[in-house]
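Listed below are the residues making up each chain.
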Amino acid sequence: MMINNDTIVKDTDPSVRRKSVPVTLPLSEEDKTILKEMYQYVLDSTDEEKAKELNLRPAVGISAIQIGIPKQLTAVVVHEIDKNDQEVTYAYMLANPRITSRSVQKAYLENGEGCLSVPEEHEGYVVRNARVTVKGYDLLSDQEVTIRARGYFAIVLQHELDHFNGVLFYDHIDPANPKPEVPGALVI
Ligand code: CO
């Protein structure tokens, strides 16, 4: 399948609101292929030349519903600077990931979120949990994983897992108060 900015399901198509179902484990070859192709999309999308040549919008994550497949599959590649100023990369090809715990502390991106399925900008804070624990099967490492994510990476995971429920980032924005005060929130 060809994943590019023309084939990605946009929010004008109600199918992006469908709920995704868990996949059976061990993964079928078909499901492995879906994960690998989504992962490759994310990698290529942040390569300037490839993105231009292949018509890719830069992304840190993509979920299967965005390519028209309502299965709980998502690929994420996030580069961050850790507390010690070291660059760290979080890369996963997840099947059936679920959030098993959330911090009380909230977090949001100061400049708001974006999404491959959302061509238009939606201003406002998407207030999420600052830390989440996610469990699921990761094809990249071929094992069940427990991910303890914080900050930007935690936001990315929550954004992708929202897609499994047909939820888009701007659903979390109150148009009457798009930039609320969030006491104690981690602002990124
Ligand atoms: Co998205």
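Structure's up top.
Quick caveat, the model's predicted, so the values are computed rather than measured. (Residues numbered from 1 in each chain as written. Predicted model: local features only at pLDDT ≥ 70, side-chain atom pairs only at ≥ 80, totals over all residues. Heavy atoms only, no water.)

### So, the environment of leucine 139
Which entries qualify depends on this criterion: Helical segments are the DSSP runs of H or I of at least four residues, strand segments are the runs of E of at least two, and each set is numbered from the N terminus. By the convention used here, residues are in contact when the closest approach between their heavy atoms is within 4.5 Å.
Among the structural elements, leucine 139 can be located in the loop between strand 6 (131-138) and strand 7 (143-150). Separated by 113 residues in the primary sequence, leucine 139 and proline 26 have C-alpha atoms spaced 9.9 Å apart. The residues touching leucine 139, leaving out its near neighbours within four places in the chain, are Leu27, Lys32, Leu35, Lys36 and Met93.

### Some details on a negative patch on the surface
Defined as follows: Residues enter a patch when their relative accessible area is above 30% and they make no salt bridge; the linking distance is 9 Å between like charges and 5 Å between nonpolar side chains (Val, Leu, Ile, Met, Phe, Trp, Tyr). Note that accessible areas follow from Shrake-Rupley with a 1.4 Å probe, and for residues the cover is restricted to the protein chains shown. We define a salt bridge as a side-chain nitrogen of Lys or Arg found within 4 Å of a carboxyl oxygen belonging to Asp or Glu. Note on charges: Lys and Arg go in the positive column, Asp and Glu in the negative column, and His and the chain ends are not counted at all. Where a charge lies is defined by one atom per residue type: Lys uses NZ, Arg uses CZ, Asp uses CG and Glu uses CD. Only protein chains enter the area calculation, which uses a 1.4 Å probe; residues under 20% of their type maximum are buried, those over 50% are exposed, and those in between are partly exposed.
There is a patch of like negative charges on the surface, built from Asp47, Glu48, Glu49 and Glu53. With respect to the element layout, glutamate 49 can be found in helix 2 (residues 48-54). Residue glutamate 49 is classed as exposed on the basis of its relative accessible area, which comes to 65%.

### A look at the environment of methionine 93
With respect to the helices and strands, the residue methionine 93 is situated in strand 3 (residues 87-102). Exposure remark for methionine 93: the relative accessible area of 7% places this residue in the buried category. Put simply, methionine 93 and serine 15 are 78 residues apart on the chain and 22 Å apart in space, counted from C-alpha to C-alpha.

### Focus on the sheet that holds strand 5 (residues 128-129)
We apply this condition: Any two strands between which DSSP finds at least two bridges are classified as paired.
In spatial order, the strands read 5-4-8; together these three strands make up an open sheet with mixed pairing. Among the strands making up the open sheet, the edge pair consists of strand 5 and strand 8 (186-187). In terms of strand pairing, strand 4 (residues 106-108) meets strand 8 through two bridges, oriented parallel. Bridging from a neighbouring strand, alanine 107 pairs with leucine 186 of strand 8.

### Regarding the pairing of strand 3
The pairing of strand 2 (residues 73-81) with strand 3 spans nine bridges and is classified as antiparallel. Residue pairing in the sheet places alanine 75 in a bridge with methionine 93 of strand 3. Here strand 2 folds back onto strand 3 in antiparallel fashion, the turn holding five residues, of which aspartate 85 has a positive phi close to 65°. Taken together, the six bridges between strand 3 and strand 6 define a ladder with antiparallel strand orientation. Each bridged residue has a counterpart across the sheet, and for isoleucine 99 the counterpart in strand 6 is valine 134.

### Observations concerning the nonpolar core
In plain terms, the rule: Remark: nonpolar core denotes a set of buried residues (Ala, Val, Leu, Ile, Met, Phe, Trp, Tyr, Cys) joined through side-chain atoms within 4.5 Å.
Counting residues in hydrophobic clusters, the biggest one holds 26 residues, and the most contacted among them are Leu27, Met38, Tyr41, Ile62 and Leu73. Taken together, the elements giving at least two residues each to this core come down to helix 1 (29-45), strand 2 and strand 3. Leaving out residues up to four positions away in the same chain, leucine 73 has contacts with Val23, Leu27, Asp31, Ile34, Leu35, Met38, Ile62, Ser63, Ala64, Leu94, Ala95 and Phe164. Residues Val145, Ile147, Phe153 and Ala154 belong to the second largest nonpolar core, which totals 13 residues.

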